[in-house]
Amino acid sequence: MIVKTDIRALSLEQISSRLTDLGEPRFRARQVHDWLWQKGVHDFAQMSNLPLSLRQKLDEHFAVNNGRIAREQHSVDGTIKNAVALHDGNVVESVLIPTDTRITACVSSQVGCSLDCSFCATARLSRVRNLNADEIFDQVVTIREQARLHFGRPLTHIVFMGMGEPLLNYPQVMGAIDRITAADGLAMAPWRITLSTAGIPKMIRKLADDRKRIRLAVSLHSAIPEKRTRLMSVNAACPLPELQSALQYWYRQTGSKVTFEYVVWAGVNDTDDDIRALLAFTARIPSKVNLIQYNAIDQGPYQQAGVDAVEAYRIRLLNAGVAVSIRRSRGSDIDAACGQLAGSLSGEVEATAAPTAVAVEANVSLNLKTL
Ligand code: SAH
């Protein structure tokens, strides 16, 4: 039996050389590549401008490791949450968030998460594996189709705020962004993409150097070291001064302001000291602050602070000249809001494809210890 190669793990040049070996003219590679990355097709049989014999040959030698939507839930506010069953049976979630002016795709970058932020549902799952670039790309293509089907509008924005820490799956996340932004891919503008990170200084510097022209958001939640470590244990390995200097570097290299995501919890970070620490931290980084609403994930210790506490933050930030917005929660009735994604179908779906060569081997994991 021929072990099929995951065709979306190959570059255009690699497809070209494999097709030449199979006795096909070189120009066929470009056609196949366009079907895969411009039209998002998963089935060789649908590649209608290829001769039937080539479509059969492709099917014999290559696989497309696409997932399928195992469950699609619609919120009363229009938000759609997809549970995507991957080809190996793992499940990740993606979310379509509609507003009057935008349609945003919120995508996952890992199955589970490498980090263990104490307030986040995804953190309850340990990291199972990184997603491949094509698995991230597919989430975007699905939501792009849902935007047209349910709203008659195009997808306008993408945020890496689903499951996982995108900077700990750097090569595959960048591979997906390249295909999403490429002229021979989905041709979306890079500045419509926001990568959200828990704050890995070394990788923020790399992202700045790589000049992808995407936007950066950092989940801060506290600018007081011990407190932030309690909320986000990553802060022990990646302390605030290092994060601050990496973000200054980011701004110098890209000229793009950072957005800080910040939840105000009652009795946790709602004092004047907390506000002062945030002001001191942001004063040295061109940035804006997004005060996001907490989405309860269990009966745990965290509770959204009241309107007054959030308003105190807003006023003080504004007075200090820091742009601030308050983001209300979307899709919470279907557990699609930030921090609620936990792949609840895991274990209920089966693998749909035989393992393929190339795919997972190339997917090298980064972890905090090796950085
Ligand atoms: N790992 C990345 C991206 C995934 S989390 C990161 O940390 O940024 C996306 C956003 O949701 C982050 O800002 C995170 O802090 C926030 N979040 C996590 N759990 C939440 C919850 N229960 N309520 C509100 N926001 C939450």
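See above for the structure.
Computed from a prediction, not measured in an experiment: that's the story for all the values here.

### Some thoughts on empty space enclosed by the protein
One water molecule sets the probe size; rolling that probe over the atoms shows where empty space is left. On inspection of all chains with the given rule, the structure shows 2 cavities of 30 Å³ or more. For the second largest cavity, the calculated volume is near 40 Å³. If you go around the second largest cavity, the residues you meet are Asn65, Asn66, Gly67, Val84, Leu86, Glu135 and Asp138. Taken together, the residues of the lining of the second largest cavity sort by class into 2 nonpolar, 3 polar and 2 charged.

### Some words on the sheet that holds strand β6 (residues 103-106)
Strand order in this open sheet of 10 strands is β3-β4-β5-β6-β9-β10-β11-β12-β13-β14, and the pairing throughout is mixed. The open sheet has two free edges, formed respectively by β3 (68-74) and β14 (323-327), since each of these has just one partner strand. For this sheet the average axis-to-axis angle between neighbouring strands, irrespective of direction, equals 20°. Across the face of the sheet, helix α4 (residues 133-151) comes into contact with β3, β4 (80-85), β5 (91-98), β6 and β9 (157-160) while running at roughly 40° to β5. The strands that helix α5 (residues 170-181) touches are β9 and β10 (193-197); relative to β10, the one it contacts most, it runs at about 170°.

### Focus: the packing of helix α1 (residues 12-21) against helix α2 (residues 27-37)
At a minimum axis separation of 8 Å, α1 and α2 run at an interaxial angle of 130°. Considered as vectors, α1 and α2 are oriented oblique to each other. The hand of the α1/α2 crossing is right-handed. Within the contact between the two elements, α1 uses Leu12, Ile15, Ser16 and Leu19 and α2 uses Arg28, Ala29, Arg30, Val32, His33 and Leu36. In terms of residue class, the contact of α1 with α2 is made up of 6 nonpolar, 2 polar and 2 charged.

### Describing a positive patch on the surface
On the surface, Arg102, Arg215, Lys257 and Lys288 cluster together into a patch of positive charge. Position of Arg215 relative to the elements: it lies in strand β11 (residues 215-219).

### Regarding the site of the ligand
Taken together, 20 residues are adjacent to the ligand, and Ser196, Ser219, His221, Glu261 and Asn295 come closest. In the model, a nitrogen atom of the ligand is placed 3.0 Å from a nitrogen or oxygen of the Gly164 main chain. Within the side chain of His221, an N or O atom sits 2.6 Å from an oxygen atom of the ligand. Protein burial of the ligand: of its 530 Å² of free accessible surface, 96% is covered by the chains. The residue makeup of the shell around the ligand, split by class, is 9 nonpolar, 9 polar and 2 charged.

### A few points about the packing of aromatic side chains
Here the structure, examined in full by the defined rule, presents 8 aromatic pairs. Both rings, one in Phe119 and one in Trp265, keep their centres 5.0 Å apart while their planes meet at 45°; by these two values the pair is tilted. With Phe119 in the loop between β7 (110-111) and β8 (129-130) and Trp265 in the loop between β12 (258-263) and α10 (272-283), the pair connects residues that are 146 residues apart, well separated along the chain. Neither Phe119 nor Trp265 differs from the other in exposure class; each is buried. Relative to Tyr302, the ring of Trp265 has its centre 5.2 Å away and its plane inclined at 50°; by these criteria the two rings are tilted. Of this pair, Trp265 sits in the loop between β12 and α10 while Tyr302 sits in the loop between β13 (287-292) and α11 (307-319), placing them 37 residues apart in sequence. Judged by relative accessible area, Trp265 falls into the buried class, the value being 0%. Aromatic rings pair up to connect Phe119, Trp265, Tyr294 and Tyr302 into one cluster. A cation sits over an aromatic face here: Lys39 above Trp35, 4.2 Å from the ring centre.

### A few points about the environment of Thr282
Mapped onto the elements of the fold, Thr282 is located in helix α10. A relative accessible area of 3% places Thr282 in the buried class. For the pair Thr282 and Cys238, spaced 44 residues apart in sequence, the C-alpha separation works out to 17 Å. Thr282 has contacts with Phe260, Ser287, Val289 and Val322, leaving out every residue within four places of it along the chain.

### Re unusual backbone geometry
With glycine set apart, most residues show a phi of negative sign, and most peptide bonds adopt trans. At Arg211, a residue that is not glycine, the phi angle is positive and equals roughly 50°. Relative to the elements of secondary structure, Arg211 occurs in the loop between α6 (201-210) and β11. A positive phi angle, close to 65°, is found at Arg213, a residue other than glycine. Position of Arg213 relative to the elements: it lies in the loop between α6 and β11.

The rules we used
- Residues numbered from 1 in each chain as written.
- Predicted model: local features only at pLDDT ≥ 70, side-chain atom pairs only at ≥ 80, totals over all residues.
- Heavy atoms only, no water.
- 1 Å grid on protein atoms, 1.4 Å probe; cavity = no way out; pocket = protein on both sides within 12 Å on 5 of 7 lines; lining within 4 Å.
- Points joined across faces, edges and corners; volume = space filled by probe spheres on them.
- Nonpolar A, V, L, I, M, F, W, Y, C, P; charged D, E, K, R; others polar.
- Pairing = 2+ DSSP bridges.
- Helix = DSSP H or I, 4+ residues; strand = E, 2+ residues; numbered from the N terminus.
- Axes fitted to C-alpha atoms, helices over the stretch in contact; angles between N-to-C directions.
- Contact = heavy atoms within 4.5 Å.
- Parallel < 35°, antiparallel > 145°, perpendicular 65-115°, else oblique.
- Left-handed = near helix turned anticlockwise from the far one by under 90°.
- Patch = residues over 30% accessible without salt bridge, like charges linked within 9 Å, V, L, I, M, F, W, Y side chains within 5 Å.
- Areas by Shrake-Rupley, 256 points an atom, 1.4 Å probe, with all protein chains shown as cover.
- Salt bridge = Lys/Arg side-chain N within 4 Å of Asp/Glu carboxyl O.
- Lys, Arg positive; Asp, Glu negative; His and termini not counted.
- Charge placed at Lys NZ, Arg CZ, Asp CG, Glu CD.
- Near = heavy atom within 4 Å.
- Polar contact = N/O pair within 3.5 Å; in protein donor to acceptor, adjacent residues only side chain to side chain.
- Phe/Tyr/Trp six-rings, centres within 6.5 Å; stacked < 30°, edge-to-face > 60°.
- Buried < 20%, exposed > 50% of the residue type's maximum accessible area, 1.4 Å probe, protein only.
- Lys NZ or Arg CZ within 6 Å of the ring centre and 35° of its normal.

From the geometry alone we can't say anything about function, so treat these as descriptive.
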